[in-house]
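Understanding the architecture of this molecule
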Amino acid sequence: MQVIRLASETDFAGWRAAARRLRRAGTPPEAVVWMVTPDEVLMDDGPLPAVPTSTGGHFAVPRDFLELAETVVCHRSPERFARLYRLLWRMASEPNLMKIVTDPEVAGLTDMAKAVSRASHKMKAFVRFRKLEGETPETYAAWFEPPHRVLERTAPFFIERFANMRFSILTPDATLLWDTRAARFGPGARASDAPADDVLEDFWRTYYASTFNPARLKVAAMTREMPRAYWRNLPEASLIPDLIASASARTAQMVEQAATQPSARARKAAAKLSRDGSFDDVPRDLEEVVAGVQICRRCDLWRDATQGVPGEGAVRAALMFVGEQPGDQEDLAGKPFVGPAGVLFNQALEKAGVPRERTYVTNAVKHFKHEPRGKRRIHQTPTAGEVRACRWWLDAERRLVRPRVIVALGATAALAVFGKPMPVAASRGQALPLPDQVQGMVTYHPSYLLRVPDEATKAQAWKAFVADLGMAWKLAG
Ligand code: URA
């Protein structure tokens, strides 16, 4: 019996080297015992078998087997090393074995690999960093319990996303420490080693509550995507039971909620503007903008919208924010940024210390562009032509409000504000001069934060977004 001692539970290199030698030496699977022995207690069971010269010692292993093996090694099954070697052994006489997907051994290992990939994917989605109190420079830690040993294979994702952030990820199997230059792996940890709470938690809760649409609640699908096993480490999970319980009442309320109509004053002013034929006259004040937007026919978007949504805020605000276009809820309410993106925007403003009521908030395009899908209205990005047509209103707002700083939220707003396409990620976080001594800035659109598929990127984008809003407020001050 040959006992193979591997250095760790995920020692793929060790398994591969041993498996290669065993197979070259003609050692059958039933004559091998695979064990994991950490370095410090490594014992010598004698040398691996020598390679007999008669075998020639050479064989090719298909790449897809190696990829499968590297993944399966992270599975928690104690049988994984032996099962992989059994498959490798069989490949000597069945070279096309990997292509026979109905073979029980191939199918079983493929399922194990899928479980590992799923665990890695969930880790990317559900790791939540918490700030460590009193650490300088700022350091974050996250506790996570993956169903398989996926920390090492998932680590490059976090390192790339958070290259400039010092962080550790603690799991029961291993620990990753990234100090912005090098990664170190250490032994497993306990949940109590990780910090319990911090300010980012409120963000996750607000974010989750604002994106939770009771009318679309599907408990089974939701728990499949966000399995209950992960809930205890997710700050927002504490909201789930209440949100589910109140979903039907909130849906009924949404159905009953009628669209608000433009104010009587705005309707009167609009009627007067169109009667006078003075629609193309430059608006003399923001009231005329409000009214004019309601009767605007500069593009076709008015046809499917409930109403035009003009900007709102302080008449002489030093800071102006420009979004893309009203969303579903803004279209009904007639006000900018009151839906899910607005909730997040408000929270970021608060975190950055920017009082929204002292700013002016508007959109590049004033009507909701959408297409119907069942009972839902799905947002569609406005074309460059629609942005150009609506710029007439944005220019009017700029002239009347005369802000010192204009922040474009996302790519469409940047196109409207700067008159040319701007890459958001590369342009954000800096003052970009506009004509008339106005400082321009570009940052993420709040909906981007709602859409980012993985939580890690979301947290980083959130930080950057808050920092950009704070910078804009300072510049305007
Ligand atoms: N998205 C925007 O760009 N503007 C809004 O007013 C709402 C959502």
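Parameters at a glance
Residues numbered from 1 in each chain as written. Predicted model: local features only at pLDDT ≥ 70, side-chain atom pairs only at ≥ 80, totals over all residues. Heavy atoms only, no water. Helix = DSSP H or I, 4+ residues; strand = E, 2+ residues; numbered from the N terminus. Areas by Shrake-Rupley, 256 points an atom, 1.4 Å probe, with all protein chains shown as cover. Expected span 1.5 Å × (residues − 1). Polar contact = N/O pair within 3.5 Å; in protein donor to acceptor, adjacent residues only side chain to side chain. Disulfide = S-S within 2.5 Å. Buried < 20%, exposed > 50% of the residue type's maximum accessible area, 1.4 Å probe, protein only. pLDDT = per-residue confidence, 0-100. Contact = heavy atoms within 4.5 Å. Near = heavy atom within 4 Å. Nonpolar A, V, L, I, M, F, W, Y, C, P; charged D, E, K, R; others polar. Pairing = 2+ DSSP bridges. Axes fitted to C-alpha atoms, helices over the stretch in contact; angles between N-to-C directions. Parallel < 35°, antiparallel > 145°, perpendicular 65-115°, else oblique. Left-handed = near helix turned anticlockwise from the far one by under 90°.

**Things to note about the overall build of the protein chain**
A count of helices and strands for the protein chain gives 18 helices and 15 strands. For the protein chain, the exposed surface amounts to about 24,000 Å²; the carbon and sulfur share of it is 53%.

**A closer look at helix 4 (residues 104-126)**
Over its 23 residues, helix 4 runs 32 Å from end to end, which matches the ideal 33 Å to within 8%, given 1.5 Å per residue. At the N-terminal boundary of helix 4, the capping side chain belongs to Asp103, with an oxygen 2.9 Å from the backbone nitrogen of Glu105.

**Notes on the state of the cysteines**
What makes a disulfide is a covalent bond joining the sulfur atoms belonging to two cysteines. Following the criterion strictly, the structure yields zero disulfides and no others. Of all cysteine sulfurs in the structure, the one in Cys390 sits closest to Cys296, which takes part in no disulfide; the separation is 6.0 Å. For Cys296, a relative accessible area of 7% puts it in the buried group.

**Here we look at the confidence of the model for the protein chain**
The predicted model of the protein chain has a mean per-residue pLDDT of 85, with 78% of residues at 70 or higher. Ignoring residues within four places in sequence, the model shows residues 39-44, a span with pLDDT below 50, making four contacts including any to other chains. For the stretch residues 274-278, pLDDT sits under 50, and the model shows two contacts to residues farther than four places along the chain or on other chains.

**Here we look at the site of the ligand**
Neighbouring the ligand are Gly323, Glu324, Gln325, Pro326, Gly327, Glu330, Pro336, Phe337, Asn363 and His445. Contact between the ligand and Glu324: an oxygen atom at 2.7 Å from a main-chain N or O atom of the residue. At a separation of 2.7 Å, a nitrogen atom of the ligand approaches a polar side-chain atom of Asn363. Considered on its own, the ligand offers 240 Å² of accessible surface; in the complex 94% of this is hidden by protein. Considering only residue class, the shell around the ligand consists of three nonpolar, five polar and two charged.

**Describing the side chain of Thr171**
Structurally, the position occupied by Thr171 is in the loop between strand 5 (166-170) and strand 6 (174-178). According to the relative accessible area criterion, Thr171 is buried, its value standing at 1%. A polar atom in the side chain of Thr171 sits 2.8 Å from the backbone oxygen of Ala174.

**Observations concerning the sheet that holds strand 3 (residues 130-131)**
With mixed pairing, the five strands of this open sheet are ordered in space as 3-4-5-6-7. The open sheet has two edge strands with one neighbour each: strand 3 and strand 7 (183-187). Here two bridges tie strand 3 to strand 4 (residues 139-143), and the two strands are oriented antiparallel to one another. Looking at the pairing, Lys131 lines up with Tyr140 of strand 4. Against the sheet, helix 5 (residues 151-161) contacts strand 5, strand 6 and strand 7, and its axis sits at roughly 20 degrees relative to strand 6.

**A look at the packing of helix 14 (residues 384-401) against helix 15 (residues 411-418)**
Running from N to C, helix 14 and helix 15 cross one another at 60 degrees; their axes reach a closest spacing of 9 Å. Judged on the interaxial angle alone, helix 15 and helix 14 are oblique. Every pair of crossing elements has a handedness; the one defined by helix 14 and helix 15 is right-handed. Of the residues in helix 15, those touching helix 14 at Ala384, Val387, Arg391, Leu394 and Arg398 are Thr412, Leu415, Ala416 and Val417. Classifying every residue of the contact of helix 14 with helix 15 by side-chain character gives six nonpolar, one polar and two charged.

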